[in-house]
Amino acid sequence: FQEFYVGLGVTLVALSIGWSLFGLWGFLSHSYITHKLADHAPQWLDRYAAIGSAFLIAIIIGYSLGAPGLVLYSFFCLAYMAFVSRQPLYSIMMHNTFQSYNRATSLSLANGLRTALDIPILFLVSWLIQKNLIYPYYLAVFLVILAALFVFTKKHRALFIRTAS
């Protein structure tokens, strides 16, 4: 992402400050914030996903409208922080969902599946970067919309089944 934002006029000092904020936020969210939200992990997972997705969409819209690079980088920072905040909540939710006798195996399989799904996406992103540096953001927004449709359809279907019975 550095080359994209430097090309838009963001200084290396601003990139460094953003990177430091990523690390600080990651530490705080993993250490303190998520433990306060652990009782409501599924709701906060959805909220952080919506916040991160909104900022990804704002990057695309801002880029299309010619927004300054620092504004786009701020959106990126906020999206990144929202998505980083989801990881410990997801872990807490998984720990609370599975029984102790199969928790380690379930978590390992879930992480292995995520890693296996990341590999083709990373190859696609590397190809997109060769075409244009903004294209990975388009892919991210496409995946966010696809995931939102899947989750909405799943929740809507569950609500329909409950009301029908």
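Remember, it's a predicted structure, so these values are computed and weren't measured experimentally.

### Some words on the overall build of the protein
Looking only at helices and strands, the protein features 6 helices and 0 strands. Going from the N terminus to the C terminus, the protein shows its helices and strands as α-α-α-α-α-α. Dimensions along the principal axes, computed over C-alpha positions, put the protein at roughly 55 × 35 × 30 Å. Of all intrachain contacts in the protein linking residues separated by at least 6 positions in sequence, the fraction that spans at least 24 positions is 71%. Accessible surface computed for the protein: about 11000 Å², of which carbon and sulfur atoms make up 70%. Side chains of the protein give 10 positive and 4 negative charges; the mean places of these two sets differ by 9 Å.

### Points about the nonpolar core
Ranked by internal contacts, the top residues of the largest apolar core, which has 19 residues, are Tyr-5, Leu-56, Tyr-73, Phe-76 and Tyr-137. Breaking this core down by element, the ones donating at least two residues are helix 1 (2-7), helix 2 (12-36), helix 3 (41-65), helix 4 (69-97) and helix 6 (135-164). The element best represented in this core is helix 4, accounting for 6 residues. Core analysis: the next-biggest nonpolar cluster, separate from the first, contains 6 residues, Leu-37, Leu-45, Tyr-48 and Ala-82 among them.

### A look at the side chain of Ser-53
You can see Ser-53 is positioned in helix 3. On the basis of relative accessible area, Ser-53 is assigned to the buried category, the value being 12%. Setting aside anything within four residues of it in sequence, one finds Ser-53 in contact with Phe-83 and Val-144.

### Structural notes on the confidence of the model for the protein
Averaged over every residue, the pLDDT of the protein is 83; residues scoring 70 or more account for 90%. Element-level mean pLDDT values for the protein span from 73 in helix 6 up to 88 in helix 3.

### Considerations on the pattern of salt bridges
Oppositely charged side chains may form a pair once their charged atoms are brought near each other. Per the counting criterion, the structure on display carries 1 salt bridge. Across the pair Asp-118 and Arg-114 runs a salt bridge whose closest N-O atoms are separated by 3.9 Å. One end of the pair, Asp-118, and the other, Arg-114, are both in helix 5 (residues 103-131), 4 residues apart, so they sit about a helical turn from each other. Owing to a relative accessible area of 29%, Asp-118 belongs among the partly exposed residues under this scheme.

### Examining the environment of Gly-26
Following the sequence through the fold, Gly-26 ends up in helix 2. Remark: the alpha-carbon pair of Gly-26 and Phe-83, spanning 57 residues in sequence, is separated by 9.9 Å.

### What to know about the environment of Arg-47
Along the chain, Arg-47 falls in helix 3. By relative accessible area, which is 41% here, Arg-47 ends up partly exposed. Distance from Arg-47 to Ser-29, taken between C-alpha atoms, is 14 Å for residues 18 residues apart in sequence.

### Focus on the packing of aromatic side chains
For the structure shown, the criterion picks out 14 aromatic pairs. Residues Phe-4 and Tyr-5 carry aromatic rings whose centres are separated by 4.9 Å and whose planes lie at 75° to one another, so their mutual orientation is edge-to-face. Residues Tyr-5 and Tyr-137 carry aromatic rings whose centres are separated by 6.3 Å and whose planes lie at 75° to one another, so their mutual orientation is edge-to-face. Highlighted residues: Tyr-5 in helix 1 and Tyr-137 in helix 6, separated in sequence by 132 residues. Accessibility expressed as a relative area gives 0% for Tyr-5, which makes it buried. Taken together, the aromatic side chains of Phe-4, Tyr-5, Trp-19, Phe-22, Tyr-63, Tyr-73, Phe-76, Tyr-80 and Tyr-137 make up a single cluster linked through ring pairs.

The rules we used
- One numbering rule holds for all chains: residues counted from 1, following each sequence as written.
- Selection of residues for local features in this predicted model requires a pLDDT of at least 70, selection of side-chain atom pairs for listing and counting requires 80 or more, and totals for whole chains, interfaces and linings are taken over all residues.
- Each side-chain value is worked out from all heavy atoms of the structure, with water and hydrogens disregarded.
- Per the convention used, a helix needs a DSSP run of H or I reaching at least four residues, while a strand needs a run of E reaching at least two, with both numbered from the N terminus.
- Throughout, a contact is declared for two residues whenever any of their heavy atoms are within 4.5 Å.
- Only the protein chains shown count as cover for residues, with accessible areas throughout obtained via the Shrake-Rupley method and a probe of 1.4 Å.
- Asp and Glu are treated as the negative residues and Lys and Arg as the positive ones, with His and the ends of the chain left uncounted.
- Throughout, a charge is located at the NZ atom of Lys, the CZ atom of Arg, the CG atom of Asp or the CD atom of Glu.
- By nonpolar core we mean a set of buried residues, namely Ala, Val, Leu, Ile, Met, Phe, Trp, Tyr and Cys, connected to one another through side-chain atoms within 4.5 Å.
- Accessibility here uses a 1.4 Å probe with only protein chains present; expressed as a share of the type maximum, an area under 20% marks a residue as buried, one over 50% as exposed, and anything in between as partly exposed.
- Each residue gets a pLDDT score, which is the predictor's confidence in that residue and runs from 0 to 100.
- The term salt bridge refers to a pairing of a side-chain nitrogen on Lys or Arg with a carboxyl oxygen on Asp or Glu at a separation within 4 Å.
- Planes of paired rings set the category: under 30 degrees apart is stacked, over 60 is edge-to-face and the rest tilted, where pairs are Phe, Tyr or Trp rings (Trp by its six-membered ring) whose centres lie within 6.5 Å.

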